[in-house]
Amino acid sequence: MKIFSGIRPSGNLHLGNYLGAMQQWIKLQNENDCVFCIVDLHAITTPYKPGELKKHILDTTAVYLAAGINPEKSVIFVQSQVKEHSELAWLLETITPMGELKRMTQFKEKSEQHKDYVNAGLLSYPVLMAADILLYKTDSVPVGKDQEQHIEFTRMIAKKFNQKFGDTFKEPASMILKEGAKIMSLTNPKKKMSKSDEPKSCIFLFDTPADITKKIMSAETDSGKEVIYNVTKKRGISNLLTIYSLLTGKTTADLEKEFKGKGYGDFKKSLAEVVVQYLEPFRRKQQEFATRESYLEEILKQGQSRAQIIAQATMQEVKQKMGLI
Ligand code: AMP
Ligand code: TRP
């Protein structure tokens, strides 16, 4: 199967990004053709600092490697370094109905969040994402739940293109985990964990052990005492149980048994230890990669060449089908 996914280099990655998307990537890479992109052109649709973008791109590359993505097997590259992404996005825009873009949940949320930055790029964001996916004739896209609508949109565009210009694109499926697809904020378990939220709501992959422990110990729960998984009545505890379960491989039922008769404090303390231990290699490898900028750049350069070969072939086909010279 051909797999494609991407993450925006817009600051530190958090446990939601890892558990919702990346953890799937690692499992997929042995048996599939995987392309993992750092989607910088998407990152600039919301406010950002030009001077920090390169650092964020290299940091995201370091996270991909620290998480276990093997650059010998999978293609790792930066979106803006393969110009076919922008080119295909423009062509796809000409068959995209405006109404479809305006109804996208992420567009509505982001334009509400950044009222003075509602740019045309933010509106056409899903078209660029469709171009990312379709360029590589992707079968499946491993992402978190919030991206499901964009994959649906991608399928709609692929179908429309194929009907209009002849069979060209595959209609990709989303690959969304049952558990972990939506990790919730630690301070407000009704909202998803998000890097644009306050720092204590998020566990970042490079947080120090002291910060991780502090954030988990003060995570919002309910006034009850029992560690029980119940998403409607005990959202906070259920979110923590999900994290615990995904990091240890124990089921939530096993965890309920393990913590029977113990309070939230004991449970949180144990979870903090699990998270600190799990993320320890991330911190270590991040420090290691931080001093090896040229190594990261070399990986990205190789990724660029490999991605370009596929992207150029698709573009040639697309242009021909659309009647362009
Ligand atoms: P982003 O940081 O928005 O570029 O997201 C990168 C990937 O992480 C996408 O596949 C998202 O669906 C996923 N993701 C982001 N936040 C969460 C979350 N709180 N829980 C699960 N997956 C998430
Ligand atoms: N839109 C995705 C997000 O916000 C990032 C993204 C861009 C992506 N292009 C993609 C994800 C292609 C999967 C496939 O998280």
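Our structure is the block above this text.
Throughout what follows, the structure given in this document is the object of discussion. In this text the structure is predicted, and so the values were computed from the model without any measurement. (Residues numbered from 1 in each chain as written. Chains lettered and ligands numbered in written order. Predicted model: local features only at pLDDT ≥ 70, side-chain atom pairs only at ≥ 80, totals over all residues. Heavy atoms only, no water.)

The phi dihedral of K137 falls on the positive side, at around 50°, and the residue is not glycine. You can see K137 is positioned in the loop between helix 7 (120–135) and strand 4 (140–142). (Helix = DSSP H or I, 4+ residues; strand = E, 2+ residues; numbered from the N terminus.)

Each pocket or cavity is described by its volume, and for the second largest pocket that value is around 250 Å³. What lines the second largest pocket is a set of 14 residues, among which K182, M184, Y229, V231 and T242 lie closest to the centre. Tallied by class, residues from the lining of the second largest pocket come to six nonpolar, four polar and four charged. There are two domains that each give the lining of the second largest pocket at least three residues, and those are domain 1 (2–180 + 293–322) and domain 2 (206–287). (1 Å grid on protein atoms, 1.4 Å probe; cavity = no way out; pocket = protein on both sides within 12 Å on 5 of 7 lines; lining within 4 Å. Points joined across faces, edges and corners; volume = space filled by probe spheres on them. Nonpolar A, V, L, I, M, F, W, Y, C, P; charged D, E, K, R; others polar. Domains from an automatic or database assignment.)

For the rest of this paragraph, the subject is the site of ligand 1. Of all residues adjacent to ligand 1, which total 18 residues, the nearest are R8, G144, D146, I183 and K195. A distance of 2.6 Å is found between an oxygen atom of ligand 1 and a side-chain nitrogen or oxygen belonging to R8. Here ligand 1 loses 95% of its free accessible area of 490 Å² to cover by the protein chains. Counted by class, the shell around ligand 1 contains six nonpolar, seven polar and five charged residues. (Near = heavy atom within 4 Å. Polar contact = N/O pair within 3.5 Å; in protein donor to acceptor, adjacent residues only side chain to side chain. Areas by Shrake-Rupley, 256 points an atom, 1.4 Å probe, with all protein chains shown as cover.)

The description of two aromatic rings rests on the distance between their centres and on the angle between their planes. Tallied over the entire structure, the rule returns 12 aromatic pairs. A ring pair is formed by W25 and Y64, whose centres lie 5.2 Å apart and whose planes are at 90°; its orientation type is edge-to-face. Taken together, the residues W25 in helix 1 (residues 15–28) and Y64 in helix 3 (residues 50–67) connect sequence positions 39 residues apart. When its relative accessible area of 0% is taken as the criterion, W25 is described as buried. Ring geometry for F289 against Y295: centres 6.1 Å apart, planes inclined by 10°, an arrangement best described as stacked. F289 gets classed as buried once you look at its relative accessible area, which sits at 8%. Among the aromatic residues, those joined into a ring-pair cluster are F4, F77 and Y136. (Phe/Tyr/Trp six-rings, centres within 6.5 Å; stacked < 30°, edge-to-face > 60°. Buried < 20%, exposed > 50% of the residue type's maximum accessible area, 1.4 Å probe, protein only.)

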